[in-house]
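So the chains spell out like this:
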Amino acid sequence: MKKWFLSLLIQFFIYAPFIQAWAAEQPVNIREILVKVTSSVTGQELGANQLQSFSSQYLSESPQQLAAQALSSTSVQSYFPLNNNDTKHYSGSVYGTQYSTTMSYLTAFFNGRSCFRENDSIDGSIAYYGHNSGQLEMYGAAVEGLDLTFNTPLVILNDSILTNGGSLHSSTSLVVEGVPITVNLIVSSASAGNVSTSLGTVENCRTVDMSFSYIIPGESDTLDLRDVWVLGPGIGKIKIGMMDQNLNNLGWMTINGGTVAGQTVYDIINPPEPDGDNDGVADSSDNCPATSNANQADEDGDHIGDVCDNCPKIVNADQIDTDGDMIGDACETRGMSWLFLLLNK
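Scoring rules and cut-offs
Residues numbered from 1 in each chain as written. Predicted model: local features only at pLDDT ≥ 70, side-chain atom pairs only at ≥ 80, totals over all residues. Heavy atoms only, no water. Helix = DSSP H or I, 4+ residues; strand = E, 2+ residues; numbered from the N terminus. Polar contact = N/O pair within 3.5 Å; in protein donor to acceptor, adjacent residues only side chain to side chain. Core = buried A, V, L, I, M, F, W, Y, C linked by side-chain atoms within 4.5 Å. Buried < 20%, exposed > 50% of the residue type's maximum accessible area, 1.4 Å probe, protein only. Contact = heavy atoms within 4.5 Å. pLDDT = per-residue confidence, 0-100. Pairing = 2+ DSSP bridges. Disulfide = S-S within 2.5 Å. Lys, Arg positive; Asp, Glu negative; His and termini not counted. Salt bridge = Lys/Arg side-chain N within 4 Å of Asp/Glu carboxyl O. Phe/Tyr/Trp six-rings, centres within 6.5 Å; stacked < 30°, edge-to-face > 60°.

Peer 1: What is the right way to read the side chain of K237 from this model?
Peer 2: Relative to the assigned elements, K237 resides in strand β11 (residues 236–243). Only 3.1 Å separates the side chain of K237 from the side chain of E118, close enough to count as a polar contact.

Peer 1: What's the story with the nonpolar core in this structure? I'm lost.
Peer 2: Within soluble globular proteins, side chains that are nonpolar tend to cluster in buried spots. Core analysis: the biggest nonpolar cluster contains 59 residues, and L34, Y129, I156, L157, Y214 and W229 have the highest contact counts within it. Those residues in contact with Y214, other than ones at most four positions away along the chain, are L34, V37, T38, I181, T182, V183, T222, L223 and L225. The next biggest cluster of nonpolar side chains, apart from the first, holds seven residues, and it includes A108, F110, C115 and Y139.

Peer 1: Explain the confidence of the model for the protein chain here, please?
Peer 2: Should pLDDT be low for a region, the predicted coordinates there are not to be read in detail. Mean pLDDT over the protein chain: 80, with 77% of residues reaching 70 or higher. Counting interchain partners and residues more than four positions distant, the pLDDT-below-50 stretch residues 1–27 has zero contacts. In the predicted structure, residues 44–72 sits below a pLDDT of 50 and forms 62 contacts with residues beyond four places in sequence or in another chain.

Peer 1: Please explain the pairing of strand β7 (residues 166–176) as it appears in this structure.
Peer 2: Side-chain direction in a regular strand flips from residue to residue, so the side chains alternate between the two faces of the sheet. Direction of pairing for β7 relative to strand β8 (residues 179–197): antiparallel, over a ladder of eleven bridges. Bridging across to β8, L174 finds its partner in I181. The hairpin turn running from β7 into β8, its antiparallel successor, is two residues long, and E177 in that turn takes a positive phi close to 50°.

Peer 1: It is not clear to me how the state of the cysteines should be interpreted in this structure. Could you clarify?
Peer 2: Simply put, the disulfide is a covalent bond whose two ends are the sulfur atoms of two cysteines. Enumeration according to the criterion identifies two disulfides in this entry. Between C288 and C308 runs a disulfide, and the two sulfur atoms are separated by 2.0 Å. With C288 in the loop between α6 (265–269) and α7 (329–332) and C308 in the loop between α6 and α7, this residue pair connects regions lying 20 residues apart in the sequence. By relative accessible area, which is 1% here, C288 ends up buried.

Peer 1: What exactly am I supposed to notice about the pairing of strand β9 (residues 200–215) here?
Peer 2: In terms of strand pairing, β8 meets β9 through 14 bridges, oriented antiparallel. Note on β9: the bridge partner recorded for A190 is T207. Following β8, the chain reverses through two residues before pairing antiparallel with β9. Pairing geometry for β9 and strand β10 (residues 223–232), over nine bridges, is antiparallel. By the bridge assignment, T207 is partnered in β10 with V230.

Peer 1: Help me understand the side chain of D286 in this model?
Peer 2: Looking at where D286 falls in the secondary structure, it is placed in the loop between α6 and α7. Although D286 lies buried, it forms no salt bridge, and the closest oppositely charged side chain, K313, sits 19 Å away as judged by the N-O distance. At a separation of 2.9 Å, a polar atom in the side chain of D286 contacts the main-chain amide nitrogen of C288.

Peer 1: For this particular structure, what's the right way to read the environment of T152?
Peer 2: Tracing the backbone through its elements, the reader meets T152 in strand β6 (residues 146–158). On the basis of relative accessible area, T152 is assigned to the partly exposed category, the value being 37%. It is 7.2 Å that separates the C-alpha atoms of T152 and S173, two residues lying 21 residues apart in sequence. For T152, the contacting residues outside a window of four places in its chain are S171 and T172.

Peer 1: What is the right way to look at the packing of aromatic side chains in this model?
Peer 2: The description of an aromatic ring pair rests on the distance of the ring centres and on the angle between the ring planes. Evaluation of the coordinates by the stated rule reveals four aromatic pairs. Relative to W229, the ring of F80 lies with its centre 5.5 Å away and its plane at 35°, an arrangement referred to as tilted. Here the residue F80 occupies a position in the loop between α4 (75–79) and β1 (87–94), and W229 occupies one in strand β10, the gap between them amounting to 149 residues. When its relative accessible area of 0% is taken as the criterion, W229 is described as buried. Arranged with centres 3.9 Å apart and planes meeting at 10°, the rings of F110 and Y128 form a pair that is stacked. With F110 in strand β2 (residues 97–110) and Y128 in strand β4 (residues 126–132), this residue pair connects regions lying 18 residues apart in the sequence. Ring pairing ties together the aromatic residues F80, Y129 and W229, which thus form one cluster.

Below, the structure written as structure tokens:
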């Protein structure tokens, strides 16, 4: 028994270094990581439900600083707005299974660059975005505890394809666990017209179809992934395609709430009517739209509010005041001008 144990112990010490070296050389699942990198862009990895935390540096920039850095409004900025503390909520179903996610946006500092991080709650992935000269650029991602930086920014959108349709080609590279990966992207865009959501109908939407191709050294086949967005002006992603492994769109996650630049998505889709005097009554139904009068008092019933009626006790919807003395002719022609101030105290 002792000889057997001693033999086993000797074998362990002889082979242990080789076993450890073999284990250390086992490659990470690069394809799985690249799928998650793509998921950080598309926000649609099915089956993942655990939110993970990743380290990042934040900038505490004031709204004034952010405004000063902003470029003039472009199609990209309208169809993919980036603002600190934006949130967008989505839900959808595939084969009877309900999925939901929240996209949250924060200012960030990534790889020496001020940008925005988009955090997808469905799988915890993070994508780093920024606007640059009419383009939406992606700078990298955080997945599986790894901060993955693109060698050069990957162009996701530009003003041209959002305005005129067509396609763009973009390439970059990244390193995953010491392995250099080439990333090729083809993006096409076309009009989607008006799109219905539970919050209302979003007009002038655009479809964005993205095809990713990853070249992995030593592998004969590329890793090809695809996703589709529907973008709405002033909101960003209205619908997010849920893709299967064969690049087919199984369904959509559709926006159902959130805020963009401090305004609710509902109000962006259904803008409230103008209220010039801020009295809580829309101008279209306000009987005195230039002067605040929340009670809408109208003693003579001429549809002119008492606070701006030049003859509030006598019907005079035309408000004619020939001599310009702020007393309507309807009061003066009845010999009541001398009584006007007394009667209308």
